[in-house]
Amino acid sequence: MIGWIIAIAVVVVLVLIYFGLYNSLVKYRNRVDETWAQIDVQLKRRFDLIPNLLETVKGYAKHEKETLTQVIEARNKMMEVPADNRQGQIEADNMLSESLKSIFALGEAYPDLKANTSFIELQHELTTTENKVAYSRQLYNTTVMNYNTKVQSVPTNIIAKLHNFTEREMLSIPEVERVAPKVEF
(Lines give C-alpha, C1' and ligand atoms only; values in the text may rest on other atoms or scores of the structure.)
Protein backbone atom coordinates (compact mmCIF):
# COMPACT_ATOMS: atom_id res chain seq x y z
CA MET A 1 0.00 0.00 0.00
CA ILE A 2 2.79 2.43 0.88
CA GLY A 3 4.48 1.58 -2.45
CA TRP A 4 1.36 2.69 -4.35
CA ILE A 5 1.16 5.95 -2.42
CA ILE A 6 4.82 6.69 -3.14
CA ALA A 7 4.34 5.82 -6.84
CA ILE A 8 1.28 8.08 -7.11
CA ALA A 9 3.12 10.89 -5.29
CA VAL A 10 6.08 10.57 -7.68
CA VAL A 11 3.74 10.66 -10.71
CA VAL A 12 1.92 13.73 -9.34
CA VAL A 13 5.23 15.51 -8.71
CA LEU A 14 6.45 14.67 -12.24
CA VAL A 15 3.19 15.91 -13.77
CA LEU A 16 3.45 19.15 -11.78
CA ILE A 17 7.04 19.62 -12.91
CA TYR A 18 5.99 18.96 -16.52
CA PHE A 19 3.19 21.55 -16.26
CA GLY A 20 5.56 24.06 -14.68
CA LEU A 21 8.13 23.63 -17.45
CA TYR A 22 5.48 23.85 -20.17
CA ASN A 23 3.97 26.98 -18.61
CA SER A 24 7.39 28.63 -18.38
CA LEU A 25 7.90 28.04 -22.12
CA VAL A 26 4.49 29.59 -22.83
CA LYS A 27 5.36 32.57 -20.64
CA TYR A 28 8.66 33.21 -22.45
CA ARG A 29 7.07 32.78 -25.89
CA ASN A 30 4.36 35.29 -24.94
CA ARG A 31 7.01 37.73 -23.72
CA VAL A 32 8.75 37.52 -27.09
CA ASP A 33 5.46 38.24 -28.87
CA GLU A 34 4.68 41.10 -26.50
CA THR A 35 8.06 42.76 -26.97
CA TRP A 36 7.67 42.48 -30.74
CA ALA A 37 4.27 44.14 -30.40
CA GLN A 38 5.96 47.02 -28.55
CA ILE A 39 8.34 47.51 -31.46
CA ASP A 40 5.37 47.44 -33.80
CA VAL A 41 3.60 50.11 -31.73
CA GLN A 42 6.61 52.44 -31.92
CA LEU A 43 7.04 51.84 -35.64
CA LYS A 44 3.37 52.66 -36.18
CA ARG A 45 3.74 55.84 -34.14
CA ARG A 46 6.66 56.94 -36.25
CA PHE A 47 4.86 55.86 -39.40
CA ASP A 48 1.93 58.14 -38.47
CA LEU A 49 4.20 61.12 -37.73
CA ILE A 50 5.94 61.04 -41.10
CA PRO A 51 3.12 62.57 -43.23
CA ASN A 52 2.94 65.55 -40.85
CA LEU A 53 6.69 66.02 -41.07
CA LEU A 54 6.62 65.81 -44.86
CA GLU A 55 3.83 68.38 -45.13
CA THR A 56 5.79 70.77 -42.92
CA VAL A 57 8.96 70.33 -44.96
CA LYS A 58 7.19 70.60 -48.36
CA GLY A 59 6.36 74.25 -47.85
CA TYR A 60 9.98 75.19 -47.21
CA ALA A 61 11.89 72.87 -49.51
CA LYS A 62 9.85 72.62 -52.70
CA HIS A 63 12.88 71.83 -54.87
CA GLU A 64 13.97 68.98 -52.55
CA LYS A 65 11.41 66.67 -54.12
CA GLU A 66 13.87 63.75 -54.41
CA THR A 67 14.47 63.72 -50.65
CA LEU A 68 10.75 63.79 -49.92
CA THR A 69 10.13 61.04 -52.48
CA GLN A 70 12.73 58.79 -50.82
CA VAL A 71 10.95 59.12 -47.48
CA ILE A 72 7.57 58.37 -49.05
CA GLU A 73 8.97 55.33 -50.89
CA ALA A 74 10.60 54.01 -47.71
CA ARG A 75 7.35 54.50 -45.79
CA ASN A 76 5.39 52.66 -48.51
CA LYS A 77 7.91 49.81 -48.51
CA MET A 78 7.24 49.29 -44.81
CA MET A 79 3.56 48.78 -45.64
CA GLU A 80 4.44 46.06 -48.16
CA VAL A 81 6.42 43.85 -45.78
CA PRO A 82 4.29 40.99 -44.39
CA ALA A 83 3.55 41.23 -40.66
CA ASP A 84 5.21 37.87 -39.96
CA ASN A 85 8.51 38.87 -41.63
CA ARG A 86 10.19 40.50 -38.65
CA GLN A 87 13.63 40.83 -40.18
CA GLY A 88 12.09 42.28 -43.35
CA GLN A 89 10.18 44.82 -41.28
CA ILE A 90 13.36 45.86 -39.50
CA GLU A 91 15.23 46.20 -42.82
CA ALA A 92 12.44 48.39 -44.21
CA ASP A 93 12.48 50.35 -40.96
CA ASN A 94 16.24 50.90 -41.28
CA MET A 95 15.72 52.20 -44.81
CA LEU A 96 13.07 54.59 -43.51
CA SER A 97 15.38 55.75 -40.72
CA GLU A 98 18.08 56.57 -43.25
CA SER A 99 15.70 58.57 -45.41
CA LEU A 100 14.44 60.49 -42.35
CA LYS A 101 18.01 61.58 -41.64
CA SER A 102 18.00 63.39 -44.97
CA ILE A 103 14.81 65.22 -43.95
CA PHE A 104 16.43 66.38 -40.74
CA ALA A 105 19.45 67.50 -42.76
CA LEU A 106 17.11 69.77 -44.72
CA GLY A 107 16.44 71.57 -41.45
CA GLU A 108 20.08 72.61 -41.45
CA ALA A 109 19.90 73.82 -45.06
CA TYR A 110 16.75 75.89 -44.52
CA PRO A 111 16.97 78.20 -41.50
CA ASP A 112 13.25 79.09 -41.73
CA LEU A 113 12.36 75.42 -41.61
CA LYS A 114 14.73 74.85 -38.70
CA ALA A 115 12.94 77.63 -36.80
CA ASN A 116 9.44 76.34 -37.64
CA THR A 117 7.66 75.25 -34.45
CA SER A 118 5.84 72.37 -36.16
CA PHE A 119 9.08 71.05 -37.64
CA ILE A 120 10.84 71.29 -34.29
CA GLU A 121 8.00 69.47 -32.51
CA LEU A 122 7.78 66.76 -35.15
CA GLN A 123 11.55 66.33 -35.15
CA HIS A 124 11.46 65.97 -31.36
CA GLU A 125 8.59 63.45 -31.55
CA LEU A 126 10.41 61.40 -34.17
CA THR A 127 13.65 61.49 -32.20
CA THR A 128 11.82 60.32 -29.08
CA THR A 129 10.14 57.58 -31.08
CA GLU A 130 13.49 56.50 -32.57
CA ASN A 131 14.85 56.14 -29.04
CA LYS A 132 11.83 54.07 -28.05
CA VAL A 133 12.28 51.86 -31.11
CA ALA A 134 15.95 51.31 -30.24
CA TYR A 135 15.07 50.42 -26.64
CA SER A 136 12.27 48.12 -27.82
CA ARG A 137 14.68 46.32 -30.14
CA GLN A 138 17.12 45.79 -27.29
CA LEU A 139 14.34 44.47 -25.09
CA TYR A 140 13.14 42.18 -27.87
CA ASN A 141 16.60 40.69 -28.36
CA THR A 142 17.01 40.16 -24.62
CA THR A 143 13.61 38.47 -24.44
CA VAL A 144 14.39 36.28 -27.46
CA MET A 145 17.71 35.30 -25.90
CA ASN A 146 15.93 34.26 -22.68
CA TYR A 147 13.29 32.32 -24.62
CA ASN A 148 15.86 30.59 -26.84
CA THR A 149 17.89 29.64 -23.77
CA LYS A 150 14.78 28.10 -22.26
CA VAL A 151 14.00 26.21 -25.49
CA GLN A 152 17.57 24.85 -25.67
CA SER A 153 18.08 24.00 -21.99
CA VAL A 154 17.50 20.61 -20.40
CA PRO A 155 14.81 19.57 -19.42
CA THR A 156 12.63 22.22 -21.09
CA ASN A 157 14.14 21.38 -24.49
CA ILE A 158 12.34 18.03 -24.37
CA ILE A 159 9.00 19.68 -23.70
CA ALA A 160 9.76 22.36 -26.30
CA LYS A 161 10.29 19.69 -28.96
CA LEU A 162 7.14 17.82 -27.95
CA HIS A 163 5.01 20.96 -28.24
CA ASN A 164 6.76 22.61 -31.23
CA PHE A 165 8.30 25.55 -29.38
CA THR A 166 10.88 26.79 -31.86
CA GLU A 167 13.70 29.25 -31.46
CA ARG A 168 13.13 32.84 -32.52
CA GLU A 169 15.53 34.96 -34.50
CA MET A 170 17.08 38.04 -32.91
CA LEU A 171 17.01 41.32 -34.76
CA SER A 172 20.26 42.33 -36.37
CA ILE A 173 21.58 45.40 -38.10
CA PRO A 174 22.52 45.38 -41.78
CA GLU A 175 26.20 44.85 -42.65
CA VAL A 176 26.33 48.35 -44.15
CA GLU A 177 25.60 49.87 -40.75
CA ARG A 178 28.33 47.81 -39.07
CA VAL A 179 31.05 49.74 -40.88
CA ALA A 180 32.41 52.56 -38.73
CA PRO A 181 31.87 55.99 -40.26
CA LYS A 182 34.99 57.64 -41.63
CA VAL A 183 35.67 60.97 -40.00
CA GLU A 184 38.03 63.37 -41.72
CA PHE A 185 39.10 66.87 -40.77
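How each quantity is defined
Residues numbered from 1 in each chain as written. Predicted model: local features only at pLDDT ≥ 70, side-chain atom pairs only at ≥ 80, totals over all residues. Heavy atoms only, no water. UniProt positions renumbered as here; feature names shortened; annotations may be inferred. Phe/Tyr/Trp six-rings, centres within 6.5 Å; stacked < 30°, edge-to-face > 60°. Helix = DSSP H or I, 4+ residues; strand = E, 2+ residues; numbered from the N terminus. Lys NZ or Arg CZ within 6 Å of the ring centre and 35° of its normal. Expected span 1.5 Å × (residues − 1). Buried < 20%, exposed > 50% of the residue type's maximum accessible area, 1.4 Å probe, protein only. Arc of directions from axis to C-beta. Polar contact = N/O pair within 3.5 Å; in protein donor to acceptor, adjacent residues only side chain to side chain. Contact = heavy atoms within 4.5 Å. Salt bridge = Lys/Arg side-chain N within 4 Å of Asp/Glu carboxyl O. Patch = residues over 30% accessible without salt bridge, like charges linked within 9 Å, V, L, I, M, F, W, Y side chains within 5 Å. Areas by Shrake-Rupley, 256 points an atom, 1.4 Å probe, with all protein chains shown as cover. Axes fitted to C-alpha atoms, helices over the stretch in contact; angles between N-to-C directions. Parallel < 35°, antiparallel > 145°, perpendicular 65-115°, else oblique. Left-handed = near helix turned anticlockwise from the far one by under 90°. Nonpolar A, V, L, I, M, F, W, Y, C, P; charged D, E, K, R; others polar. Core = buried A, V, L, I, M, F, W, Y, C linked by side-chain atoms within 4.5 Å.

- Looking at an unreviewed UniProt entry, one finds the protein named LemA family protein and attributed to Listeria seeligeri.
- In its Subcellular location (unreviewed entry) section, the UniProt record describing the protein reads: "Membrane".
- Taken verbatim from the UniProt record of the protein, the Sequence similarities (unreviewed entry) comment is "Belongs to the LemA family."

### As for the packing of aromatic side chains
Moving on, step 1. For the structure on display, the rule yields three aromatic pairs.
Moving on, step 2. Residues tyrosine 22 and phenylalanine 165 carry aromatic rings whose centres are separated by 5.7 Å and whose planes lie at 75° to one another, so their mutual orientation is edge-to-face. Taken together, the residues tyrosine 22 in helix H1 (residues 2-60) and phenylalanine 165 in the loop between helix H6 (156-162) and helix H7 (175-178) connect sequence positions 143 residues apart.
Moving on, step 3. The aromatic ring of tyrosine 28 is capped on one face by arginine 31, whose charged end is 5.5 Å from the ring centroid.
Moving on, step 4. Here arginine 75 stacks its cationic end above the ring of phenylalanine 47, 3.8 Å away from the centre of that ring.

### Re helix H2 (residues 65-80)
Moving on, step 1. Spanning 16 residues, H2 covers 23 Å between terminal C-alpha atoms, matching the ideal 22 Å at 1.5 Å per step.
Moving on, step 2. When we look at burial in H2, the residues that qualify are Thr67, Leu68, Val71, Ala74, Arg75 and Met78. Axial view of H2: buried residues confined to an arc of 125°, hence all on one face. Facing away from the buried surface of H2 by more than 90 degrees, the exposed residues are Lys65, Glu66, Met79 and Glu80.

### Section: the side chain of threonine 129
Moving on, step 1. If you trace the backbone, threonine 129 turns up in helix H5 (residues 117-152).
Moving on, step 2. According to the relative accessible area criterion, threonine 129 is buried, its value standing at 0%.
Moving on, step 3. At 2.8 Å, the side chain of threonine 129 and the backbone oxygen of glutamate 125 are in polar contact.
Moving on, step 4. Ignoring any residue separated from it by four or fewer positions in sequence, one finds threonine 129 in contact with Gln42, Arg45, Arg46 and Leu49.

### Regarding the pattern of salt bridges
Moving on, step 1. Taken as a whole and assessed by the stated rule, the structure comprises six salt bridges.
Moving on, step 2. With its nearest N and O atoms 2.8 Å apart, the salt bridge here joins aspartate 48 to lysine 44. Note that aspartate 48 and lysine 44 are positioned in helix H1 at a spacing of four residues, about one turn of the helix.
Moving on, step 3. Of the charged contacts, one joins aspartate 93 and arginine 137 as a salt bridge, the two residues approaching to 2.0 Å between their closest N and O atoms. In this pair, aspartate 93 is assigned in helix H3 (residues 86-109) and arginine 137 in helix H5, connecting sequence segments 44 residues apart.

### Focus: a nonpolar patch on the surface
Moving on, step 1. Taken together, the side chains of Trp4, Ile8, Val11, Val12, Val15, Leu16 and Phe19 define a hydrophobic patch exposed on the protein surface, amounting to about 720 Å² of accessible area.
Moving on, step 2. With respect to the helices, strands and loops of the structure, phenylalanine 19 is situated in helix H1.
Moving on, step 3. When its relative accessible area of 46% is taken as the criterion, phenylalanine 19 is described as partly exposed.

### Some thoughts on the packing of H2 against H3
Moving on, step 1. At their nearest, the axes of H2 and H3 sit 9 Å apart, and the two run at 155° to each other. Between H2 and H3, the angle is such that the two are roughly antiparallel. Crossing angle aside, the handedness with which H2 passes H3 is left-handed. Of H3, the residues touching H2 (which contributes Thr67, Leu68, Gln70, Val71, Glu73, Ala74, Arg75, Lys77 and Met78) are Ala92, Asp93, Met95, Leu96, Ser99, Leu100, Ser102, Ile103 and Leu106.
Moving on, step 2. Across the contact of H2 with H3, the residue classes break down as 10 nonpolar, four polar and four charged.

### Quick look at the nonpolar core
Moving on, step 1. If you look at the biggest cluster of nonpolar residues, it comprises 39 residues, and the most contacted ones within it are Leu53 and Ile103.
Moving on, step 2. When residues of this core are traced back to their parent elements, those giving at least two are H1, H2, H3, H5 and H6.
Moving on, step 3. Apart from residues lying up to four places away in sequence, leucine 53 is in contact with Leu100, Ile103, Phe104, Phe119, Leu122 and Leu126.

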